[in-house]
Amino acid sequence: MVKSVESRFLILISTALLVVVAPLFALFLVLSSEQYAKIRDQRIEVLIDANSQALARPLWDFDAEAIEQAAATLVSDPLIMSVKIHDTSSLLDITHGKPGIKRLEGFESARREIVYKSVSGPRTVGWIDIYFEPAGLFAAFDAFSIALSLIFLIAILIVGGT
């Protein structure tokens, strides 16, 4: 009789945990991934704005070495998978990507005109394209979040398994 009451109690607690906590966990995943995507988009916007301004003079002067260096610096950022920089005259077309990336399909991209402010007024001298991974449901998970999730799942399995 005691074992039966104990097992019913554990089943009731396990069900309550599953019904209440699982939707909260799913809500946490959705909200954290939305927040991650928002912060990522803001960071990409800052990177592309700053680099489009910084690349104006090198593109105007056809300084391929400075452009290569800027592209390599951009790709060193963990968010950026690949960078394409090209000028309006089609003389410079510089592409840098992380090792192992051969195709850009499946990546999101942001494009910005590179405008040089010359004596005769602003002139478009080229474009910069930045490619980055799309934000997924688990994109915001870091090691700490994974550890907390595993502790939560193990606790539910222990309560449900006894």
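Before reading further, recall that the structure is shown in the block above.
Residues numbered from 1 in each chain as written. Predicted model: local features only at pLDDT ≥ 70, side-chain atom pairs only at ≥ 80, totals over all residues. Heavy atoms only, no water.

1. Details of the pattern of salt bridges
- Counting across every chain of the model gives 8 salt bridges.
- A salt bridge links Glu 45 to Arg 112; the nearest nitrogen and oxygen atoms lie 2.4 Å apart. Pair noted here: Glu 45 is in helix H1 (residues 2–54) and Arg 112 is in strand S3 (residues 108–118), with a separation of 67 residues, a long-range link.
- Asp 129 serves as the salt-bridge partner of Arg 111, at 2.7 Å between the closest nitrogen and oxygen. With a gap of 18 residues between them, Arg 111 in strand S3 and Asp 129 in strand S4 (residues 121–132) connect regions that are remote in the sequence.
- Since its relative accessible area comes to 7%, Asp 129 is described here as buried.
- Each of the salt bridges in this network shares a partner with another, and the network as a whole consists of Arg 40, Asp 41 and Glu 108. (Salt bridge = Lys/Arg side-chain N within 4 Å of Asp/Glu carboxyl O. Helix = DSSP H or I, 4+ residues; strand = E, 2+ residues; numbered from the N terminus. Buried < 20%, exposed > 50% of the residue type's maximum accessible area, 1.4 Å probe, protein only.)

2. Quick notes on the sheet that holds S4
- Strand order across the open sheet formed by 4 strands is S2-S1-S4-S3, with antiparallel pairing between neighbours. Strands at the two margins of the open sheet, each flanked by one partner only, are strand S2 (93–97) and S3. Each strand axis lies, on average, 15 degrees off the axis of its neighbour in the sheet, ignoring direction.
- As defined by bridge partners, strand S1 (residues 80–87) adjoins S2 across 5 bridges and the pair is classed as antiparallel. Bridge pairing in S2 links Ser 82 to Gly 97. (Pairing = 2+ DSSP bridges. Axes fitted to C-alpha atoms, helices over the stretch in contact; angles between N-to-C directions.)

3. Digging into the packing of aromatic side chains
- A complete count under the given rule lists 1 aromatic pair for this structure.
- Judged by centre distance (4.6 Å) and plane angle (20 degrees), the rings of Trp 60 and Tyr 116 are stacked. In this pair, Trp 60 is assigned in helix H2 (residues 56–60) and Tyr 116 in strand S3, connecting sequence segments 56 residues apart.
- Of the residues examined, Tyr 116 reaches a relative accessible area of 13% and is grouped as buried. (Phe/Tyr/Trp six-rings, centres within 6.5 Å; stacked < 30°, edge-to-face > 60°.)

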